[in-house]
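Observations on the model geometry
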Amino acid sequence: MKIKPYIPNDNSLAYSVGVTLDRFIKKKQDDFPFASGELSQLLRDIALAAKIVNRETNRAGLANIGGAFGQTNVQGEEQQKLDVIANIRFTRALTKGGEVCAIVSEEDDEVIDLQNNSGKYVVAIDPLDGSSNIDVNISIGTIFSIYRRVTPVGSPIQLDDIMQPGRQQVAAGYVLYGSSTMLVYTTGCGVNGFTYEQSLGEFFLSHPDMKAPSSGNIYSINEGISNSFSEGLAKYIAHCKSKNYSARYIGSLVADFHRNLLKGGIYIYPETKKNPSGKLRLLYEANALAYIAEQAGAEANDGVQRILDIQPTSLHQRTPLYIGSKVMVNEALEFISKKSIIHENQ
Ligand SMILES: O=P(O)(O)OC[C@H]1O[C@](O)(COP(=O)(O)O)[C@@H](O)[C@@H]1O
Ligand SMILES: [Mg+2]
Ligand SMILES: [Mg+2]
């Protein structure tokens, strides 16, 4: 009996489909000799829920799952049916996965204690980002942050497990339900993007080792709230216009962030009269994207400090957000800090 060594056949008839997310996670796990596989499983649980939510978003118009749910969440925002569906799907997947002890969700007033004290991880999640765009078929997303609990496994969860600054994330990412569906995440060793191949039901590595351009010519801000812009910010926006930068604003944070991460640009949601601390939420929007941004060579700031250094004090606290290409964020910060100082001295 003859035994022959396997020689990869790169015959174009059977082109390689690429690296699946599962295989990528496994390989990354092998890079960490002490890895126990729990974080890998947690990432798989998130990918599974993302596939289900992707299916729901794709058929939202058909299956009567578009539109309002008829309740408001703790932010006072009217919940969309898909907000609620996505919240159930992610919470269920994380519960069944068994790696998580607590969840902080945009759609739940309180911390969800999964009664699973053996769970090592805490997840903060925005199940459906860009809710105002659900019914008009514009890209929407999911945002997630993962922390290792700080109290001993087996003991009841404590506030310290939840109120961790963003720099303590062990993983973070987002799902973009757009013209294609992508999952982009980091575990602190760079950022990788995976595209969902619907017919195979698999995420495949499509954007390895993503790096943000250090600068760009895209600025993303809701100019409809310009009455609230500080003098410095108004000057910065005028500066962007004087440089003929392109204004791009989808109104879905994940989609605006993703575009700027690939092409170079800055996304700004400042403090406003309506939201003196900004609109976006620190624990399940800003922290995750800030971790991704920094891992891709970009930056994220609240106008004064690095987002990842903010010590959380409440579950649904908001923060101003200046995020994107390094040069552009620093330029914007210069404008806003300079103006306010001048203000004070006058
Ligand atoms: O309509 P506005 O005020 O510009 O706000 C848009 C921002 O609000 C959000 O929709 C808030 O997120 P949610 O949809 O998860 O509540 C962001 O995605 C988006 O960037
Ligand atoms: Mg959101
Ligand atoms: Mg949301």
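This one's a predicted model, so the numbers in the text were calculated from it and none came from an experiment.

Before going further, it helps to examine the domain arrangement of the protein. Each assigned domain of the protein is listed here: domain 1 (21–207) and domain 2 (218–338). One C-alpha centre belongs to domain 1, the other to domain 2, and the line joining them spans 22 Å. Contacts between the two partners involve 50 residues from domain 1 and, on the opposite side, 33 residues from domain 2. Contact between domain 1 and domain 2 buries roughly 3,000 Å² in total, counting both sides, with carbon and sulfur atoms accounting for 61%.

Okay, the coordination of the magnesium ion (ligand 2) next. Ideal geometry at a metal centre: 109.5 degrees between donors when four sit tetrahedrally, and 90 or 180 degrees when six sit octahedrally. Protein ligation of the magnesium ion (ligand 2) involves Asp-126 (OD), Asp-129 (OD) and Glu-285 (OE), the donor distances falling in the range 1.8 to 2.0 Å. Look at where the donors of the magnesium ion (ligand 2) fall in the sequence and you get D-x2-D-x155-E.

What follows concerns the side chain of Thr-181. By the element assignment, Thr-181 lies in strand E8 (residues 181–186). With a relative accessible area of 6%, Thr-181 lands in the buried category. Polar contacts involving the side chain of Thr-181 include one to the side chain of Asn-54, which spans 2.5 Å.

In this section: the environment of Glu-271. Positionally, Glu-271 belongs in the loop between strand E13 (266–269) and helix H7 (282–295). Glu-271 gets classed as partly exposed once you look at its relative accessible area, which sits at 31%. Sequence separation between Glu-271 and Pro-320 is 49 residues; the distance between their C-alpha atoms is 5.3 Å. The residues contacting Glu-271, other than those within four sequence positions of it, are Ser-228, Pro-276, Ser-277, Gly-278, Pro-320 and Tyr-322.

Ordered by their spatial adjacency, eight strands build an open sheet running E4-E3-E5-E6-E7-E8-E9-E10, and the pairing between neighbours is mixed. The strands lining the two open edges of the sheet, one partner per strand, are strand E4 (112–113) and strand E10 (202–207). Across seven bridges, the pairing between strand E5 (residues 121–129) and strand E6 (residues 140–148) is antiparallel. By the bridge assignment, Ala-124 is partnered in E6 with Ser-145. Packed on one face of the sheet, helix H1 (residues 21–31) meets E8, strand E9 (191–197) and E10 and runs near 5° to E8.

Taken together, 17 residues lie around ligand 1, and Asp-129, Asn-222, Tyr-249, Leu-253 and Tyr-269 are the ones closest in. Tyr-267 places a polar side-chain atom, nitrogen or oxygen, 2.9 Å from an oxygen atom of ligand 1. Summarising the interface, the protein chains cover 87% of the accessible area of ligand 1, which totals 470 Å² for the free molecule. In terms of residue count, the dominant contributor to the shell around ligand 1 is E5 (three residues). Classifying every residue of the shell around ligand 1 gives five nonpolar, five polar and seven charged. The residues that make up the shell around ligand 1 include at least three from each of domain 1 (21–207) and domain 2 (218–338).

In this section: a nonpolar patch on the surface. A grouping of Tyr-15, Val-17 and Leu-200 is seen on the molecular surface, where their side chains present a nonpolar patch of about 350 Å² in accessible area. Here Tyr-15 shows up in the segment before H1. When its relative accessible area of 63% is taken as the criterion, Tyr-15 is described as exposed.

Taken together, the protein ligands of the magnesium ion (ligand 3) are Glu-106 (OE), Asp-126 (OD) and Leu-128 (O), with distances of 2.0 to 2.2 Å. In primary-sequence terms, the residues that donate to the magnesium ion (ligand 3) follow E-x19-D-x1-L. Here the magnesium ion (ligand 3) and the magnesium ion (ligand 2) are spaced 3.6 Å apart, linked through Asp-126, which binds each one. Highlighted residues: Glu-106 in the loop between strand E3 (100–105) and E4 and Leu-128 in strand E5, separated in sequence by 22 residues. The residues Glu-106 and Leu-128 share a single accessibility class, namely buried.

What counts and what doesn't
- Residues numbered from 1 in each chain as written.
- Chains lettered and ligands numbered in written order.
- Predicted model: local features only at pLDDT ≥ 70, side-chain atom pairs only at ≥ 80, totals over all residues.
- Heavy atoms only, no water.
- Domains from an automatic or database assignment.
- Contact = heavy atoms within 4.5 Å.
- Buried area = accessible area lost by both parts, 1.4 Å probe.
- Donors = N, O, S within 2.8 Å, 3.2 Å for Na, K, Ca; no water.
- Helix = DSSP H or I, 4+ residues; strand = E, 2+ residues; numbered from the N terminus.
- Buried < 20%, exposed > 50% of the residue type's maximum accessible area, 1.4 Å probe, protein only.
- Polar contact = N/O pair within 3.5 Å; in protein donor to acceptor, adjacent residues only side chain to side chain.
- Pairing = 2+ DSSP bridges.
- Axes fitted to C-alpha atoms, helices over the stretch in contact; angles between N-to-C directions.
- Near = heavy atom within 4 Å.
- Areas by Shrake-Rupley, 256 points an atom, 1.4 Å probe, with all protein chains shown as cover.
- Nonpolar A, V, L, I, M, F, W, Y, C, P; charged D, E, K, R; others polar.
- Patch = residues over 30% accessible without salt bridge, like charges linked within 9 Å, V, L, I, M, F, W, Y side chains within 5 Å.
- Salt bridge = Lys/Arg side-chain N within 4 Å of Asp/Glu carboxyl O.

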